[in-house]
Every structure is written in structure tokens, then in C-alpha cells.
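# Geometric and topological summary
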Amino acid sequence: MKRPGFTLIELLVVIAIIAILASLLLPTLGSAKARAKVVQCLSNQKQIGLLCLTYAGDYNDYLPPNGTSDNPAYVNQAWYQQLGPEKTGYWSCLWCPEDPNYAAIVPGLPDGDQRTQNWRYGFISYGYNICYLGWFEQPPARLATVARPTATVLAVDATGQAGNPTGPYYGYFLSLPYVDTANPIAWLRHNNGSQCNVVWLDGHAAGQAAKNYNELYATGALGWGSGNPAIDWGCPDNKWDLQ
């Protein structure tokens, strides 16, 4: 006996049920995907922290300096270029999956490729605490000088174009300890612009929540953040400082 097919009403009911289930599951899947990107970013930062601490172990307690091509007397590389590109998986830890420039960067490509240029010009996702750890052409900090490594910033989600209200907000390889939108600053990249990931000098990484970057720099988040370097540099509440 031939089995009858579905009626039109039965098909519509099944379609309606599938649509309801999809509407219930898609937000959850979207949230899980966003959370996975946050976790990947934190994992990247932990790896950067470990590499910096390993570097210090190999170089008499000194953290990576931040060289510049303008002076041949100094190391002619940025801090992230000195951590050892031969290490397995190193390249991938430099870009956050929620950085708008993330998908376009693959290091090690031929000269002239824009993605290679981005690598050389510092458009990575994480900004180094350059003022206190490795200023241009200056000797880098030593771990022994840090009184509170758990409360001293090593690197953060960063952008070099925060002053442009229309973006794009690409990552940048350094970040300042004070709010100055004309220069690279820490950036709220995650959870719909409400979280910045930070790796601290002891190697642990954590998300810092805030409503905007001014709040992010406030005492209790990333430090004083008055916008005045004369106040912020050396301020006892400045978590970017060597303490």
C-alpha cells in the first residue's frame, strides 16, 4: 500500500516549527560565536605575555625593546618582531579575530603585498605599554623594577585611529597610558564595544569592561586616564606604570 505524502498543512506546520526553533537558537549561536572570539583574543594575549616573559628570561630580565628604523644604533625592529617568529603559531597570536583588519593580514608574504606592509607598519591587534616598558630608542624595562606585575599593563586591545569617528579602527602595535584620541589607545573591541582585553605583566589576561574609552582608562579599569601625561605618568593609581 502506497504511503500518502504530507499534506500542505502538515508541511506548513513543520516549516513553522523549524522557523521557531531557528529563531530561538540563532541568537544563542551568535552569542557563542562572539564569546569564542573573546576567548581566542585572551588566548592570544596570554601567549604574547608568555613570549615576553620568556624573552626577559633570555635577555637578563629585560623586556622586549621597541626599536625604530630611524636610528641604526638601536635594534631595528618593533617589540613584536623580536619575540621570535620561528616559534610555532606565533604569527596568529598577533591578531584579534574581532580586529577589522584581522582577515586581511597574513605575514610572510612577498614584498609589495599590502598584508606584508601591514605587518611591518605595526597594524597588529595589540598595543604594547610603550611608555613604561619599551619606549622608542630607550632601554626597555626590567622585570625586577616592577613592584606589582599583576597590576601593570603589558599589552591591550588597541587602535591607532581612535580619533577618527568613522573608523576604521584597526589595531596598532603600541598604546598610551592616557586618553589621547589623536594617538594609539586601548580599545573596547569586544562584547559590542563594552570590553577591552588586557594582558598584565605577570602573564595573565582578562577582560576590562567599560562604556567608553574614557571610562576604560579611569581608576579601577586601566589606570588614571586624566588625559594629561604629566599627571598620568607616575600616578599611584596608574596601572600602566612600573609602580
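Residues numbered from 1 in each chain as written. Predicted model: local features only at pLDDT ≥ 70, side-chain atom pairs only at ≥ 80, totals over all residues. Heavy atoms only, no water.

### Brief notes about unusual backbone geometry
Among all residues save glycine, negative phi is the norm, and among peptide bonds the norm is trans. The phi angle at Asn191 is positive, at roughly 50°, despite the residue not being glycine. The residue Asn191 is located in the loop between β4 (185-186) and β5 (195-200) in this model. In this model, Asn192 sits at a positive phi of 60°, which is unusual for a non-glycine residue. Here Asn192 shows up in the loop between β4 and β5. Looking at Asn192, the relative accessible area reads 85%, which means it is exposed. (Helix = DSSP H or I, 4+ residues; strand = E, 2+ residues; numbered from the N terminus. Buried < 20%, exposed > 50% of the residue type's maximum accessible area, 1.4 Å probe, protein only.)

### Here we look at the confidence of the model for the chain
Mean pLDDT for the chain: 80, with 75% of residues reaching 70 or above. In the model of the chain, helix α2 (residues 114-121) stands out as the element of lowest mean pLDDT, 54, in contrast to β5, which has the highest, 97. (pLDDT = per-residue confidence, 0-100.)

### Topic: the packing of aromatic side chains
Counting across every chain of the model gives 11 aromatic pairs. Seen in terms of ring centroids, Trp79 and Tyr80 are 5.9 Å apart; in terms of plane orientation they differ by 80°. Their pairing is edge-to-face. This pair shows no difference in class: Trp79 is buried, exactly as Tyr80 is. Judged by centre distance (4.7 Å) and plane angle (15°), the ring pair of Trp79 and Tyr128 falls under stacked. One end of the pair, Trp79, is in the loop between α1 (8-58) and α2; the other, Tyr128, is in strand β1 (residues 126-129), with 49 residues separating them in the sequence. Of the two residues examined, Trp79 and Tyr128, each falls in the buried class. By way of ring pairs, the aromatic residues Trp79, Tyr80, Tyr128, Tyr172 and Phe173 are connected into one cluster. The ring of Tyr62 has Arg142 lying over it, and the distance from NZ or CZ to the ring centre is 4.8 Å. (Phe/Tyr/Trp six-rings, centres within 6.5 Å; stacked < 30°, edge-to-face > 60°. Lys NZ or Arg CZ within 6 Å of the ring centre and 35° of its normal.)

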